[in-house]
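# Close look at the chain arrangement
One-letter residues, chain by chain:
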Amino acid sequence: MEFRQKALAKLQSPEELDVPVRFARPQGLLVLVVTLVVMAAGCVWAVTGTVSSKLTAPGVLTHSQGSYLLQSPVAGQVTAVHAKPGQQVEKDAPVVSVRTDRGVRAVRAVARGRVSSLTAEAGSVVTTGADVATVERVKSRDDPLVAMVYVPADKGATVRVGATVDLTVGSVSTDRYGLLRGTVRAVGQAPQTRQQISSFLGDKDLAQQFTRQGRPLAVQVRLERSSATRSGYVWSRGGGPPSAPESATPVNGAVHLAARRPVDWLLP
C-alpha cells in the first residue's frame, strides 16, 4: 500500500513529469561499450584470424636412403672381420668371413655404404640369416642427414610437404642449443609395418618402438643447412652444438600444421 500511495503522489505532481530518468550510470555505459567492442573484435578474429597447431611424433636421424641389415647367408664360425664401424665399403666388399663345412665364405656388402655397427665378431658363431652388420646407404661421409618422423596414421592427412618442423635432438642440450630446424620433404602414402621400418632403418628395436601404438606414416624431414654454424645445420639458439649429431640419434619432431580459422574449429 505504501508503494501505491507513493506512485499516486507522483502522478498528482505534474511538475516532476519532465524530470529525465536515469537508466544507467556513466560507468555502466562504459562497460557496455567495451563489451560490445570486444565482442565485435572477437567475431572479426574468428572469421579472419588463424590458429596454428603442432603434431608431435618420435623419429630418428638417418640418411635419405636409409640403412640395411647385412645378414649371413651361411651358418658357421666367424674367422675374420674385414670392416669396422664408420668405414666406407663398396658393393660386394667382404665384411666378415665365416668358416662352413664347405670352406670359408665371405659375407659381402649388398650395396655401397658406411658400416654403422657390427654384430659379428671373430670367433662368434652365426646362423643362416643372422644379422652381421648394419650399413648406411651413403656415398660419402658428407652426405646430409635427414630426420624420419613417424606420425600416427590417422593424423597423416594434416601434414603437408613444406611444413616447418622443430626437432628436439636426444644428444643435444635443448636449453643451450635449442631445436634443430627442418621442413617436411615427403609424407608416406601408406602406414608402415614393423618389417618395413626395420628394413629401412636397419634397426629392429626402433621399428618396434615406432609401431608400438600401431602402424605409423613415415614423414621425411629435410634439415636446414647453414655454412655459418659448426654443425652445418640451422638451430634455434646459440648457433647450435660444436659438431653435427650422429646418424641413428633419436629425435622428437614437432610438425607445424596448416593454420586454420578459429571458426573452423567450431563448425563441423
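Our subject is the structure that appears above.
A brief look at the structure comes next. (Residues numbered from 1 in each chain as written. Predicted model: local features only at pLDDT ≥ 70, side-chain atom pairs only at ≥ 80, totals over all residues. Heavy atoms only, no water.)

## Overview of the environment of Thr-193
For clarity, the threshold we go by: Helical segments are the DSSP runs of H or I of at least four residues, strand segments are the runs of E of at least two, and each set is numbered from the N terminus. Accessible area is worked out with a 1.4 Å probe on protein chains only. A residue is then buried under 20% of its type maximum, exposed over 50%, and partly exposed in between. Residues count as neighbours in contact if any of their non-hydrogen atoms are within 4.5 Å of one another.
By secondary structure assignment, the location of Thr-193 is in the loop between β12 (180-187) and α4 (194-201). The class of Thr-193 is partly exposed, set by a relative accessible area of 27%. In the structure, Thr-193 is positioned 15 residues away from Gln-208 in sequence and 9.5 Å away in space, judged by C-alpha atoms. Sequence-distant contacts of Thr-193, that is, excluding residues within four places in its chain, are made with Thr-211 and Arg-215.

## Focus: unusual backbone geometry
A positive phi is found at Asp-92, a non-glycine position, where the angle reads about 75°. Structurally, Asp-92 is set in the loop between β4 (88-89) and β5 (94-100). Positive phi is not limited to glycine here, since Ala-248 has a value of about 75°. Note that Ala-248 resides in the loop between β13 (216-223) and β14 (250-256).

## Brief notes about the sheet that holds strand β11 (residues 164-169)
Keep this limit in mind: In this description, strands pair whenever DSSP reports at least two bridges between them. Axis geometry follows a simple rule: fit a line to the C-alpha atoms, using only the stretch in contact for helices, then measure angles between N-to-C directions, giving values from 0 to 180 degrees.
With antiparallel pairing, the six strands of this closed barrel are ordered in space as β1-β10-β13-β12-β11-β14. Ignoring strand direction, the axes of neighbouring strands in this sheet form an average angle of 40°. When β11 meets β12, the two strands line up antiparallel, connected through four bridges. Note that in β12 the partner of Thr-164 across the bridge is Thr-183. The strands touched by α4 are β1 (54-62), β10 (146-152) and β13; relative to β10, the strand with the most contacts, the crossing angle is about 170°.

## Notes on the layout of surface pockets
Selection criterion: The distinction between a cavity and a pocket rests on a 1 Å grid over the protein atoms alone: a 1.4 Å probe fits inside a cavity but cannot get out, while a pocket stays open yet meets protein on both sides within 12 Å along at least five of seven lines, and a residue with an atom within 4 Å of a point counts as lining. Grid points are joined across faces, edges and corners, and a volume is the space filled by probe spheres set on the points. Charged means Asp, Glu, Lys or Arg here, nonpolar means Ala, Val, Leu, Ile, Met, Phe, Trp, Tyr, Cys or Pro, and polar covers whatever is left, Gly included.
Computed from the structure, the largest pocket encloses a volume of approximately 320 Å³. Along the walls of the largest pocket sit 17 residues, with His-63, Arg-141, Asp-143, Leu-145 and Pro-245 positioned nearest its centre. Of the residues assigned to the lining of the largest pocket, the class counts are six nonpolar, five polar and six charged.

In short, the description is geometric, and any link to function would need to be established separately.
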